Amino acid sequence: MTAGLTAGLMSIDLMTTGLSTSGLLTNRYWFKVLFEYCADPDSLSSLSWLSCYLTTVKHQSLYWSILTVLILLAVTAPMAVGLGLAGALARRSPFGAVRGLGWGYTSMVRGIPDLIFFLFVPLAIDQMLEYIRHRVLCPQETGPVWVGHDFVVCDAAKLPLGPSPEWVHDIYGFMLAVLAFSIVFGAFCANVIHGAMNAVPRAQLETARAYGLSPRQVMFRIHLPQTWIYALPGLSNVWMILIKATPLLFLMGVEDIVYWAKELGGSKSARFSDFPHGDWRIYYFSGLLVFYLLFTWFSQIGLKRLTDRVSRGQATLAGGKGGLGR
Amino acid sequence: MADTGAGQQAGNTQAGNTNGAKQSAAVAKNGAAVLELRDIHKYFGDLEVLKGVSVAARAGEVIALIGSSGSGKSTLLRCANLLEIPQQGDVIFQGKAIEWRAKGAGRQPASEVQVRGVRTHLSMVFQQFNLWAHLSVLQNVTEAPITVLGQDRSEAEEKGRALLAKVGIGDKCDAYPAQLSGGQQQRAAIARALAMEPAAMLFDEPTSALDPELEQEVIKVIKDLAAEGRTMIIVTHDMSLARDVADQVIFLHQGVIEEQGAPAEVFGNPKSDRLRQFLLSTSVAA
Ligand SMILES: Nc1ncnc2c1ncn2[C@@H]1O[C@H](COP(=O)(O)OP(=O)(O)OP(=O)(O)O)[C@@H](O)[C@H]1O
Ligand SMILES: [Mg+2]
């Protein structure tokens, strides 16, 4: 998880330094006017007008938010599968406490609406981190952190620190969102993986034991590799749901593509913009439709390939196509 | 811990036997028991499935276990490699008795390591083959030698290919189990068992899931193994197989050994009515 987020931070650093050399940084981190001729919008023909319009600072925010969604998916997917695997394994642990933890995790997320989790998890993690920092960094303040209805910690404990630049705040918020997504979708994955582990025929595992494999070796050499054959359809489903859930980012204060489409599509008068236009939301939202449709479509193709590979040579219906020929 | 000294010797005899399979079976059979089950009692809940069964397989000996359905043959075999835990009685492998903790229903082997040690040298072939579905045929054969015996991959693969060739499916190394016929799958399963260089082998109705035609492929392999002087316990419904390969035939009836002896004796001159009836009922099929 840390690796993924660090990578995200690094790429942003690169962008910042790369663009700041031009000296045209705007207040929103690092964007600039791309084309010189855009300085005087009134003089433009329609095509160059469009090129200028689509490269305004705000539009660059839209493009950035597409990247945000993609990064979210790229980080969340492996984290959710990892958490799901941990949850499914926990439910089979020989230790009662670990089993209880695994069971609690999966059934909690199953029984509570996702929306509540998306609002609750970032807030809870944020306050937990700030509370710990408060106790560690400001030992002189022994009073309660709850003052009236407010959660108050010392300045040094704030996350991110007060004077941090705006992008640090955005990254922090994004990280919390990724965590919330991973926890919720990790629980979905845990259920899928748990069910798939139960679907592996008992004889396969018993045979492994009969050949002297240790319980650990049975798990990692036989049980889990066969689990993927049964889990992949379910996990594909979770991936699709994850893609379609990304607009919920907006709920967590991350300005995602839906936010920007709505923002940019609304009618603009000449008073507020160099590029006035009417209500174009229909075009923007159409663009979103196409974006999500293409994304899920390509995902489906990719997942189909993966499923074919995993079930190659298996006695399942999916495996039969791999050249069983009888 | 019974007769450790003699058993140790049996282990050594066996090791020599697996390496030089050409060693004459008659010589090997004079050794002490490789595998001995002593007074085995097994309950499933209140049902007593095995009621004090004792079997001893000496090095190079082939034992055929016959009996009607539900008589406890599979259960006895599964007690030998501890897939089932007998509530009473001892399992002695290569002279070492399995140590137990707790008694009665909660009885368990005291040492997981000891159990794995037994299983490592006691390969089982199942009625339904049970090849690992996600692994190719060659990988099925090399899996346990690599992960359990710690052989290196290239060595294990070389041996695996040789064994698959020996059972007549050398051209199927890279196929998956589901792509093979039943007879081919069972032969692959036998190659997997041989790859462990076992001191003894257990077969649980190895041909019962096969068409008569495919049955013969597997029977031929089993006969070859018997001729090599392998120690085997074979549960079978195929009386001609039992007659041809076994040194000793054991007739199990309702969890008790009803009759036991050389094939000529058991088949030619059955003493109990039950065995006579059983042989009559199977002679049609066999
Ligand atoms: N796991 C189990 N739980 C409960 N009862 C069992 C279990 N396994 C076997 N039994 C019972 O034990 C008895 C003996 O079964 P076993 O499988 O050993 O018979 P078998 O001689 O191998 O028969 P077959 O020739 O049909 O394979 C049967 O009555 C069976 O119902
Ligand atoms: Mg049976």
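Shown above is the structure to which this text applies.
A short tour of the structure in this document, coming up. This is a predicted model, so every value here is computed, not measured.

**What about the packing of aromatic side chains?**
All told, the structure shown has ten aromatic pairs over all chains when counted by the stated rule. Taken together, the ring pairs in this structure connect Phe-118, Phe-181, Phe-185 and Phe-188 of chain A into an aromatic cluster. Over the ring of Trp-100 of chain B we find Arg-107 of chain B, and its NZ or CZ is 4.0 Å from the ring centre.

**Notes on the pattern of salt bridges**
Under the defined criterion, the tally for this structure stands at 19 salt bridges over all chains. Its salt-bridge partner being Asp-279 of chain A, residue Arg-281 of chain A comes within 2.9 Å of it at the nearest N-O pair. The class of Arg-281 of chain A is partly exposed, set by a relative accessible area of 34%. The class of Asp-279 of chain A is partly exposed, set by a relative accessible area of 44%. Here the residues in one salt-bridge network are Glu-206 of chain A together with Lys-42, Arg-78 and Glu-84 of chain B, joined through shared partners.

**A closer look at the interface of chain A and chain B**
Between chain A and chain B, the contact holds 26 residues from the first and 28 residues from the second. On the surface where chain A and chain B come into contact, there are two salt bridges. The residue Arg-221 of chain A makes a salt bridge to Glu-143 of chain B at a minimum N-O spacing of 2.8 Å. Our count for the chain A to chain B interface comes out at twelve residue pairs in polar contact (both at pLDDT 80 or more).

**Some points on the side chain of Asp-204 of chain B**
Residues and elements named next belong to chain B. Here Asp-204 shows up in strand β9 (residues 200-204). For Asp-204, which is buried and forms no salt bridge, the nearest opposite charge comes from Arg-78, at a distance of 6.6 Å. Dropping the residues within four chain positions of it, Asp-204 is found in contact with Ser-74, Leu-77, Met-124, Val-125, Phe-126, Gln-127 and Val-235.

**Re the environment of Ala-80 of chain A**
All names here are of chain A. Within the secondary structure, Ala-80 is located in helix α3 (residues 57-90). On the accessibility criterion, Ala-80 (3% relative accessible area) is buried. With 40 residues separating them along the chain, Ala-80 and Asp-40 place their C-alpha atoms 49 Å apart.

**Section: the site of ligand 1**
All names here are of chain B. Taken together, Phe-44, Val-49, Ser-68, Ser-69, Gly-70, Ser-71, Gly-72, Lys-73, Ser-74, Thr-75, Glu-205 and His-237 make up the full set of residues adjacent to ligand 1. One of the side-chain N or O atoms of Ser-69 is found 2.6 Å from an oxygen atom in ligand 1. Between Thr-75 and ligand 1, the recorded distance is 2.5 Å, taken from a side-chain N or O atom to an oxygen atom. Against a free-state accessible area of 630 Å², the protein chains account for coverage of 59% of ligand 1. With three residues, helix α3 (residues 73-80) is the largest single contributor of residues to the shell around ligand 1. Residue composition of the shell around ligand 1, by class: two nonpolar, eight polar and two charged.

**Some details on the state of the cysteines**
All names here are of chain A. In total, this model carries one disulfide over all chains according to the counting rule given. At a sulfur-sulfur separation of 1.7 Å, the disulfide partner of Cys-138 is Cys-154. Torsion about the S-S bond of the Cys-138 and Cys-154 cystine: about 70°, corresponding to right-handed handedness. Of this pair, Cys-138 sits in the loop between α5 (114-137) and β1 (146-147) while Cys-154 is found in the loop between β2 (150-151) and α6 (166-199), placing the two residues 16 residues apart along the sequence. Comparing Cys-138 with Cys-154, the two get one shared label, buried.

**Points about the pairing of β9 of chain B**
On any regular strand, side chains alternate: one points to one face of the sheet, the next to the other face. Residue and element names in this part refer to chain B. β9 sits mainly inside the fold: five of its five residues count as buried. Where burial is concerned, the two faces of β9 agree: the one with Ala-200, Leu-202 and Asp-204 and the one with Met-201 and Phe-203 are both buried. Direction of pairing for β9 relative to strand β10 (residues 232-235): parallel, over a ladder of four bridges. Bridged to Leu-202 within β10 is Ile-233. The parallel pair β9 and β10, bridged by helix α8 (residues 212-227), forms a crossover whose chirality is right-handed.

Parameters at a glance
- Residues numbered from 1 in each chain as written.
- Chains lettered and ligands numbered in written order.
- Predicted model: local features only at pLDDT ≥ 70, side-chain atom pairs only at ≥ 80, totals over all residues.
- Heavy atoms only, no water.
- Phe/Tyr/Trp six-rings, centres within 6.5 Å; stacked < 30°, edge-to-face > 60°.
- Lys NZ or Arg CZ within 6 Å of the ring centre and 35° of its normal.
- Salt bridge = Lys/Arg side-chain N within 4 Å of Asp/Glu carboxyl O.
- Buried < 20%, exposed > 50% of the residue type's maximum accessible area, 1.4 Å probe, protein only.
- Contact = heavy atoms within 4.5 Å.
- Polar contact = N/O pair within 3.5 Å; in protein donor to acceptor, adjacent residues only side chain to side chain.
- Helix = DSSP H or I, 4+ residues; strand = E, 2+ residues; numbered from the N terminus.
- Lys, Arg positive; Asp, Glu negative; His and termini not counted.
- Near = heavy atom within 4 Å.
- Areas by Shrake-Rupley, 256 points an atom, 1.4 Å probe, with all protein chains shown as cover.
- Nonpolar A, V, L, I, M, F, W, Y, C, P; charged D, E, K, R; others polar.
- Disulfide = S-S within 2.5 Å.
- Pairing = 2+ DSSP bridges.
- Right-handed = clockwise from strand over helix to strand, strands pointing away.

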